[in-house]
Amino acid sequence: MASLRYKKLVDALAADIRAGRLAPGLRLPTHRALAAQEGIAVVTATRVYAELEAMGLVSREQGRGTFVRDIAVSAGHGIDQQAVATDVVDLNFNYPSLPGQADLLRQVLREVATSGDLESLLRYQPHRGRPQDRTSIARHLGRRGITTDADQILITNGAQHGLAISVMATLSAGDVVAVDALTYPGFKVLAHAFHLDLEPIPTTTDGPDLDALEKLCATRPVRAIYTMPTLHNPLGWVMPATDRTRLIRIARQYGPLIIEDASYAYLVEDPPPPLAATAPDITVYVSGLSKSIATGLRVGFVVAPPSTIPSLERAIRATIWNTPALTTAIVCRWLDDGTVNHLEAQKRDDAKTRQALARQELAGLPLVGHPSSYFTWLPLPDDARADRLTATLSRHLISVTTAEPFTTSAHTPQAIRLALGSTDLDSLRSTLRTVRRVAIEDAYA
């Protein structure tokens, strides 16, 4: 009987939220108040809210309470790449493209078609990639400050696949992984899939709070540290060299592996050396060329300590067998002839232009980001609701991301991330003007 009453309460609240009788952003009664109001136990009230949260109808924030979610915005918005209507401006994902890239592809396809090794592209490749392709990537990494042997490189189907095989090869269910309190959503997805225990580390203006990291490593068996030292997603900071040195010292003292994600590092000119350059024996370096060339060309790479190579190679075999040979051949030709260097330089300039445009059109708002980044972070006042702002922007045919997909701590900040690289500059300018107007009306009024 009690179970039936509890289910009826869940159904009633869900119906009220879906019908709009409980408005988006409304703070619901505390667990204790709901229990007293409905004549149920506090533990049952907690269960009611937990079910509503699992249904995507409410969000719970530590220290603030339980709020009605704006269900016009999917709970997974910003994690799962959902279809965006053709009339919607996508500031949710980045897929920057430069004029002339299609012509470059046509040219290289003709070159590959007339090359002497075309027949070899029809066969299975070595799991970690052909030696000549790994040598091309090693030369490319040398320009990023990493001196490595081709034998320590594995070619993957993009950086996300590189992260996936790194997790599969080096971690087990239940392992503790230190991550930033705001981090890349793709790693959160992997952590959930492989049942990792993510421990959030507070962030400062230019990196993780290393005092908090050291305290965590001293008190819990941290198996890995996942970090983006050069152009953090979503906050855009670049970790100073002194902090990199201290992070490596902490890792050496307490034993966790470092997983260094450098997917956006190409956008930063003259950054401090990668962690993998200083501590190659304890660092798995993951990056790729999808963002710097084109998102449809899924080529990534992992540079790893020799002891981990066999496990990483097995993970590639278990997931994709090998990266498609034709795609790899195209990318490595562009690495060797300087096309990649040229595209990366162009995209750095393009990102700077877009970031400057964002600063101009969103003047007066507290933006957080790097001057050559393809995204910017907009914190909102404590009493504002990011899901409500996101829903309002959606009605203006603008798609953005809240902080929820990036959050690993109990408290989700009220903020949105704006991806700047997926529309032309004129459209971006007018869209950002709308974002500023709506944000001021909705969140800063």
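Residues numbered from 1 in each chain as written. Predicted model: local features only at pLDDT ≥ 70, side-chain atom pairs only at ≥ 80, totals over all residues. Heavy atoms only, no water.

As recorded by an unreviewed UniProt entry, the chain carries the name PLP-dependent aminotransferase family protein and is attributed to Streptomyces sp. 900105245.

Of regular secondary structure, the chain possesses 15 helices and 16 strands. For 445 residues, the compact-globule estimate of 2.2 N^0.38 gives 22 Å, and the C-alpha radius of gyration of the chain, at 23 Å, lies within 12% of that figure. C-alpha extents for the chain along the principal axes are approximately 75 × 50 × 45 Å. Evaluated residue by residue, the chain yields a buried proportion of 53% over its 445 residues. By sequence separation, contacts in the chain at least 24 residues apart represent 71% of the contacts at least 6 residues apart. (Helix = DSSP H or I, 4+ residues; strand = E, 2+ residues; numbered from the N terminus. Rg over C-alpha atoms; globule rule 2.2 N^0.38 Å. Buried < 20%, exposed > 50% of the residue type's maximum accessible area, 1.4 Å probe, protein only. Contact = heavy atoms within 4.5 Å.)

Within the secondary structure, S394 is located in helix α14 (residues 386-395). Along the backbone, S394 and V89 are 305 residues apart, and their C-alpha atoms lie at a distance of 9.3 Å.

For the rest of this paragraph, the subject is the sheet that holds strand β4 (residues 153-156). Spatial strand order, β4-β12-β11-β10-β9-β5-β6: 7 strands in an open sheet with mixed pairing. Unpaired on one side and paired on the other, β4 and β6 (197-201) mark the two borders of the sheet. Taken over all neighbouring pairs, the strand axes of this sheet differ in orientation by 20° on average, direction set aside. Across 4 bridges, strand β10 (residues 257-261) lies against strand β11 (residues 283-288) in parallel orientation. Bridge assignment links I258 to a residue of β11, and that residue is T283. Across the sheet, helix α7 (residues 185-193) lies against β5 (176-180), β6 and β9 (222-227), angled at about 145° from β6, the strand it touches most. (Pairing = 2+ DSSP bridges. Axes fitted to C-alpha atoms, helices over the stretch in contact; angles between N-to-C directions.)

So, about the sheet that holds strand β16 (residues 415-419). Strands sit in the order β13-β16-β15 across an open sheet of 3 strands; the sheet is antiparallel. The open sheet has two edge strands, β13 (375-379) and β15 (401-402), and neither has a second partner. The pairing of β13 with β16 spans 5 bridges and is classified as antiparallel. Paired with W377 across the strands is R417, a residue of β16.

The relative placement of two packed helices comes down to the angle between their axes together with the axis-to-axis distance. Put simply, helix α4 (residues 101-113) and helix α12 (residues 325-337) touch, their axes get as near as 10 Å, and they point 110° apart. Taken as axis vectors, α4 and α12 run roughly perpendicular relative to one another. Here L104, L105, V108, L109, E111 and V112 of α4 lie close against α12, whose contacting residues are L326, I330, R333 and W334. Here the residues of the contact of α4 with α12 are counted per class, giving 8 nonpolar, no polar and 2 charged. (Parallel < 35°, antiparallel > 145°, perpendicular 65-115°, else oblique. Nonpolar A, V, L, I, M, F, W, Y, C, P; charged D, E, K, R; others polar.)

Attention shifts here to the pairing of β6. When β5 meets β6, the two strands line up parallel, connected through 5 bridges. Looking across to β6, one finds that V177 is bridged to L198. Once you follow β5 into α7 and on to β6, the crossover reads as right-handed. (Right-handed = clockwise from strand over helix to strand, strands pointing away.)

The tally for this structure, following the rule as stated, stands at 4 aromatic pairs. With 5.5 Å between their ring centres and 45° between their planes, Y124 and W321 make a pair best called tilted. Here Y124, found in the loop between α4 and α5 (131-143), pairs with W321, found in the loop between α11 (309-319) and α12; they are 197 residues apart in sequence, far enough to count as distant. Accessibility expressed as a relative area gives 69% for Y124, which makes it exposed. On the accessibility criterion, W321 (36% relative accessible area) is partly exposed. Where Y264 meets F375, the ring centres are 5.1 Å apart and the plane angle is 80°; that geometry is what we call edge-to-face. Taken together, the positions of Y264 in the loop between β10 and α10 (275-278) and F375 in strand β13 put the pair 111 residues apart, joining distant regions of the chain. An identical accessibility class is assigned to Y264 and F375; each is buried. (Phe/Tyr/Trp six-rings, centres within 6.5 Å; stacked < 30°, edge-to-face > 60°.)

Before going further, it helps to examine helix α8 (residues 210-219). When α8 is considered as a whole, its buried residues turn out to be L210, L213, E214, L216 and C217. The buried residues of α8 all sit within an arc of 160° when viewed along its axis, so they share a single face. Projecting away from the buried face of α8 at angles above 90 degrees are the exposed residues D211, K215 and T219. Looking at the packing, one finds that the buried side of α8 touches β5, β6, β8 (207-208), β9 and α9 (241-254). The N-capping residue of α8, defined by a side-chain oxygen 3.1 Å from the backbone nitrogen of D211, is D209. (Arc of directions from axis to C-beta. Polar contact = N/O pair within 3.5 Å; in protein donor to acceptor, adjacent residues only side chain to side chain.)

The phi dihedral of H195 is positive, around 60°, even though this residue is not glycine. Along the polypeptide, H195 turns up in the loop between α7 and β6. A relative accessible area of 55% places H195 in the exposed class. Positive phi, close to 55°, is recorded for D270, a residue that is not glycine. Mapped onto the elements, D270 comes out in the loop between β10 and α10.

Turning to the nonpolar core, a few remarks are in order. Nonpolar side chains in soluble globular proteins generally cluster together in the buried interior. One finds L141, Y285 and I293 to be the most contacted residues of the largest nonpolar core, which totals 29 residues. Secondary-structure elements contributing two or more residues to this core are α4, α5, β4, β12 (300-303), α12 and α13 (339-361). With 7 residues, α12 is the largest single contributor of residues to this core. With sequence-adjacent residues up to four places away left out, Y285 is seen in contact with L141, R144, I146, E260, A262, P274, A276, F301, V302 and V303. Of all hydrophobic cores here, the second largest spans 28 residues; its members include L154, V167, Y226 and L312. (Core = buried A, V, L, I, M, F, W, Y, C linked by side-chain atoms within 4.5 Å.)

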